[in-house]
Amino acid sequence: MLLPDYLQTNSSPAITKVILAISAAAKDIAHKIRTANTGKAGSQNTFGEEQLALDVLSDKIFFAAMQDVKEVKIASSEEQTEEVVLNPDGEFALSFDPLDGSSLVDVNLAVGTIFGIWGNGKIVGESGKSLLSSGFAVYGPRTTLVFAIDTFPVEFTLQDDGSWLLTKEKLEISEGKMFAPGNLRACLENANYKKLVNFWIENEYTLRYSGGMVPDLNQILLKGKGVFSYAGSASHPPKLRLVYECAPLARLIEKAGGASSDGSKSILENTVKHLDERITICVGSKEEVKRFEEFLRV
Ligand code: F6P
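Everything numeric here is computed off the predicted structure, so don't read it as measured data.

Rules and cut-offs
Residues numbered from 1 in each chain as written. Predicted model: local features only at pLDDT ≥ 70, side-chain atom pairs only at ≥ 80, totals over all residues. Heavy atoms only, no water. Phe/Tyr/Trp six-rings, centres within 6.5 Å; stacked < 30°, edge-to-face > 60°. Helix = DSSP H or I, 4+ residues; strand = E, 2+ residues; numbered from the N terminus. Buried < 20%, exposed > 50% of the residue type's maximum accessible area, 1.4 Å probe, protein only. Lys NZ or Arg CZ within 6 Å of the ring centre and 35° of its normal. Domains from an automatic or database assignment. Contact = heavy atoms within 4.5 Å. Buried area = accessible area lost by both parts, 1.4 Å probe. Salt bridge = Lys/Arg side-chain N within 4 Å of Asp/Glu carboxyl O. Polar contact = N/O pair within 3.5 Å; in protein donor to acceptor, adjacent residues only side chain to side chain. Near = heavy atom within 4 Å. Areas by Shrake-Rupley, 256 points an atom, 1.4 Å probe, with all protein chains shown as cover. 1 Å grid on protein atoms, 1.4 Å probe; cavity = no way out; pocket = protein on both sides within 12 Å on 5 of 7 lines; lining within 4 Å. Sits in = over half its atoms within 2 Å of the grid points. Nonpolar A, V, L, I, M, F, W, Y, C, P; charged D, E, K, R; others polar.

**Describing the packing of aromatic side chains**
And then number 1: The final tally for this structure, using the stated rule, is 10 aromatic pairs.
And then number 2: Judged by centre distance (5.6 Å) and plane angle (55°), the ring pair of phenylalanine 179 and tryptophan 200 falls under tilted. Linking phenylalanine 179 in strand 9 (residues 178-182) with tryptophan 200 in helix 4 (residues 191-202), this pair joins segments that are 21 residues apart in sequence. Comparing phenylalanine 179 with tryptophan 200 shows no difference in burial state: the two are buried.
And then number 3: In textbook terms, an aromatic cluster arises when at least three aromatic residues are bridged by ring pairs, as seen for Phe179, Phe199, Trp200, Tyr205 and Phe295.
And then number 4: Positioned above the aromatic ring of phenylalanine 152 is the side chain of lysine 170, whose terminal nitrogen or guanidinium carbon lies 4.4 Å from the ring centre.

Right, here's the structure in full:
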């Protein structure tokens, strides 16, 4: 099944328009990642043209794709952390991280684009419960689009002819010994986090941490098991952003039957105070997220 056919039966016309525009942007970004110089902003390509850094370019591509989507009232990008009004009469707010993990591009590791479609035309003052859909594109050996509307997440894969083919109908998370522990520097000061990481090591969990949140969570969704954590300490506070990364990804994992936590409650229960808010996060199977809360609470 192709993406437009899936959306026709599983989505409203308004959400369909937004997701189709996101899929077009993802296709474009995938192409740029494959072909662009990975130089810094201001470098030149072989035609002597000014080159933009890929994260800046991805941001431009994403905004351009939204220009004609009248359903989007405001859009806010991790690159700019401000609300840009696209259409005052639109009904949705769109948050996105156009190229998450961009420092992994030059070493040719997988990276991604994260998006969230917020229902009330604003983000600040809302919680992740206002998200109507969220997901990500993964730029790896294959380009995939993973998102959830009302039911379980699905995966589409970009084909040679530019279409998106449904490749996984239902992504569901159960229990299994796989861990992706972020910010291990925090263990020096955060003894509880260190104990938890030691628990995972002593119980022979398989380590799977790429340094990119999108591929790390994609792995949990596709393998159907595992846990990702990013706790902090005074010297190494949590850096992942509630609006652009944590809330959209937490919703996706929860839609797959997994759980999310900020240490004491679901990520989705956090009301956004400002766009650049950072938060402790654990996402994955229910038992592992419960364990995270138990260890961090002690
Ligand atoms: O800023 C986002 C990010 O690149 C995530 O994609 C990733 O999970 C995290 O940072 C990695 O952080 P660190 O470099 O501390 O391992």
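**Points about the domain arrangement of the chain**
And then number 1: Partitioning the chain into domains gives domain 1 (3-168) and domain 2 (178-297).
And then number 2: Distance between the C-alpha centres of domain 1 and domain 2: 23 Å.
And then number 3: The interface is formed by 43 residues belonging to domain 1 together with 29 residues belonging to domain 2.
And then number 4: When domain 1 packs against domain 2, close to 2,700 Å² is buried across both sides, 68% of that on carbon and sulfur atoms.
And then number 5: One can count 1 salt bridge joining domain 1 with domain 2.
And then number 6: Residues glutamate 78 and arginine 241 are paired through a salt bridge, measuring 2.8 Å at the closest nitrogen-oxygen approach.
And then number 7: Seen at the junction of domain 1 and domain 2, the total is 12 residue pairs in polar contact (both at pLDDT 80 or more).
And then number 8: Those elements that provide at least two residues to the side of domain 1 that touches domain 2 are strand 1 (72-77), strand 3 (92-100), strand 4 (111-118), strand 5 (131-139) and strand 6 (143-148).
And then number 9: The element best represented in the side of domain 1 that touches domain 2 is strand 5, accounting for 8 residues.

**Notes on the site of the ligand**
And then number 1: Close to the ligand lie Asp100, Gly101, Arg185, Tyr209, Gly211, Gly212, Met213, Phe228, Tyr230, Lys239, Leu240 and Glu245.
And then number 2: Residue aspartate 100 places a side-chain N or O atom 2.5 Å away from an oxygen atom belonging to the ligand.
And then number 3: Between tyrosine 209 and the ligand, the recorded distance is 2.5 Å, taken from a side-chain N or O atom to an oxygen atom.
And then number 4: Calculation on the ligand without its partners gives an accessible area of 400 Å², and the protein chains cover 80% of this total.
And then number 5: According to the grid-proximity analysis, the pocket containing the ligand is the largest pocket.
And then number 6: Partitioning the shell around the ligand into residue classes produces 5 nonpolar, 3 polar and 4 charged.

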